[in-house]
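# Coordinates in review
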Amino acid sequence: MRTQVAIVGAGPAGLLLAALLHRAGIDSVVVEQRSPEYVLGRIRAGVLEQVTVDLLDEAGVSARLHAQALVDDGFMVSFGHRVQRIDLYRLTGKRVRVYGQTEVTRDLMDARAAAGLKSVYEAADVAVHDFDGTHPHVTWTKDGVEQRLDCDFIAGCDGFHGVCRASVPAGAIRTYEKVYPFGWLGLLADVPPLAHELLYANHARGFALASLRSRTRSRYYVQCSLDDRVEQWSDDAFWAEFRRRLPAELAERLVTGPSIEKSIAPLRSFVAEPMRFGRLFLAGDAAHIVPPTGAKGLNLAASDVGLLARALAEHYAGSAEGLDRYSERALARVWKAERFSWWFTSLMHRFPETGEFGAKMQIAELEYLCSSTAAQTCLAENYVGLPLVT
Ligand code: RFL
Ligand code: PHB
């Protein structure tokens, strides 16, 4: 088998890259180790920046998003019983869309199937070869038969635990990492959301986030211990803990119900540099991870593949500049989103090691945020997404 771009991973990065390349007349094959059902079953991101929506528009996969996504002009930050609204639209002229990653992935999968494009699911033992040479190729086993895909380029869109970054020789890559001493316990339920705007809560018992997927489906999180197991958390225990961390007037309005999904995610900041190794390009979680507090992971994955698709189109039109500058351009945005996600995480969570002093510093900063339009603008312009510099 031969294609122009072999894409490893059918998460949002891989599928959006394939869709953008298709629009540009570039042929690709997507190779994914899991089943479509498994990929769609992962409940993750919920907030899309305008930059991401623009790319989904460009890829021609945004009709359902525009019909169904909730458009939010702001969000709320609380500490104790105080609530401060961050008016994104007034402060930046921009809004965010609330639309689940699962839905983005489903739209990309449906568009791909409708166009008759090739994706290989349940590919075992995926491996990438000769990306530093002249004959890059990807191999895998499907139904017991070894397959080989020759290509011009490999896009490593296979997430944090994927094979692409792991295949780069240690001396050619530098990684930066911070692991946070807590996780997020998330619960999805068919109950009306607390509000149509998100609420990020700093509380003495730990962080909580009220998010949503629609007017009838809520996604809520509480900061939990890294030792916690999801089986230890009954729905009742989750609701009781979540309610305790909300300001009183919102706690009264909370509607609870049985969970559809519950999971624990560790929090990590991670960057691998560079994002190019010969003919292998990393994009999305394969290259970097942010803690979810800033809602940046999926949006960074989208902006990476936006840059990469454009660079590949330039390559096939005769210019190497885009590919040569891909890593530097992508990383410029990545590091700013890393900083913002680290800062917002640091402001909103209980950190065992910083104790009462750390908690007082957070309250002082949150009070400053309430009193300063400059501080609110800084938060808002990062939250809606920094411009994609090309
Ligand atoms: P993904 O989604 O992990 O997809 C990678 C795909 O590659 C496959 N794969 C392989 N395929 C072939 N061969 C191999 N050897 C392979 N190894 C892995 C995997 O099966 C998978 O299908 O990475 P991608 O595409 O880069 O997308 C990144 C996003 O998924 C991620 O950044 C976001 O979900 C992060 N995130 C959020 N991002 C936002 O922008 N806004 C949010 O509101 C937001 N909330 C969140 C989040 C992540 C969370 N968790 C669970 C970490 C909330 C949470 C709780
Ligand atoms: C979500 O809805 O899952 C979500 C929203 C905002 C975040 C993180 C997760 O910052």
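All of the points below concern the structure found in this document. (Residues numbered from 1 in each chain as written. Chains lettered and ligands numbered in written order. Predicted model: local features only at pLDDT ≥ 70, side-chain atom pairs only at ≥ 80, totals over all residues. Heavy atoms only, no water.)

Enumeration according to the criterion identifies 23 salt bridges in this entry. Asp107 is paired through a salt bridge with Arg64; the nearest N and O atoms lie 2.8 Å apart. One end of the pair, Asp107, is in helix α6 (residues 101-114); the other, Arg64, is in helix α4 (residues 63-68), with 43 residues separating them in the sequence. Among the residues examined, Arg64 registers a relative accessible area of 26% and is labelled partly exposed. When the shortest N-O distance is used, the salt bridge between Glu241 and Arg244 registers 2.7 Å. Residue Glu241 and its partner Arg244 are located together in helix α8 (residues 235-244), separated by three residues, close to a single helical turn. Arg244 gets classed as partly exposed once you look at its relative accessible area, which sits at 45%. Here the salt bridges do not stand alone but share partners, grouping Arg64, Glu103, Arg106 and Asp107 into one network. (Salt bridge = Lys/Arg side-chain N within 4 Å of Asp/Glu carboxyl O. Helix = DSSP H or I, 4+ residues; strand = E, 2+ residues; numbered from the N terminus. Buried < 20%, exposed > 50% of the residue type's maximum accessible area, 1.4 Å probe, protein only.)

Let's shift gears to the site of ligand 1. Near ligand 1 you find 33 residues, and of these Glu32, Arg42, Gln101, Asp285 and Leu298 are the closest. Note that an oxygen atom of ligand 1 is positioned 2.9 Å from one of the side-chain N or O atoms of Arg44. Contact between ligand 1 and Ala295: an oxygen atom at 3.1 Å from a main-chain N or O atom of the residue. Protein chains shield 89% of the accessible area of ligand 1, which is 1,000 Å² for the free molecule. Put simply, the parts of the chain that give the shell around ligand 1 at least two residues each are α1 (12-23) and α10 (297-316). No other element matches the four residues that α10 contributes to the shell around ligand 1. (Near = heavy atom within 4 Å. Polar contact = N/O pair within 3.5 Å; in protein donor to acceptor, adjacent residues only side chain to side chain. Areas by Shrake-Rupley, 256 points an atom, 1.4 Å probe, with all protein chains shown as cover.)

Where strand β10 (residues 137-142) meets strand β11 (residues 145-150), six bridges bridge the pair, whose relative direction is antiparallel. What sits directly across from Lys142, in β11, is Val145. Where β10 folds back on β11, the antiparallel hairpin that results is connected by two residues, among which Asp143 adopts a positive phi of roughly 50°. (Pairing = 2+ DSSP bridges.)

All right, on to the packing of helix α11 (residues 321-348) against helix α12 (residues 355-371) then. Direction vectors running N to C along α11 and α12 enclose 110°, while the axes themselves pass 8 Å from each other. With respect to α12, the axis of α11 lies roughly perpendicular. When α11 is examined against α12, the residues Trp343, Ser346, Leu347 and Met348 are found in contact with a partner set consisting of Gln362, Glu365 and Leu366. (Axes fitted to C-alpha atoms, helices over the stretch in contact; angles between N-to-C directions. Parallel < 35°, antiparallel > 145°, perpendicular 65-115°, else oblique. Contact = heavy atoms within 4.5 Å.)

With 78 residues, the main nonpolar core has Ile7, Leu16 and Leu17 as its most contacted residues. Grouped together as the second largest cluster of nonpolar side chains are 35 residues, Val47, Val77, Tyr383 and Val384 included. (Core = buried A, V, L, I, M, F, W, Y, C linked by side-chain atoms within 4.5 Å.)

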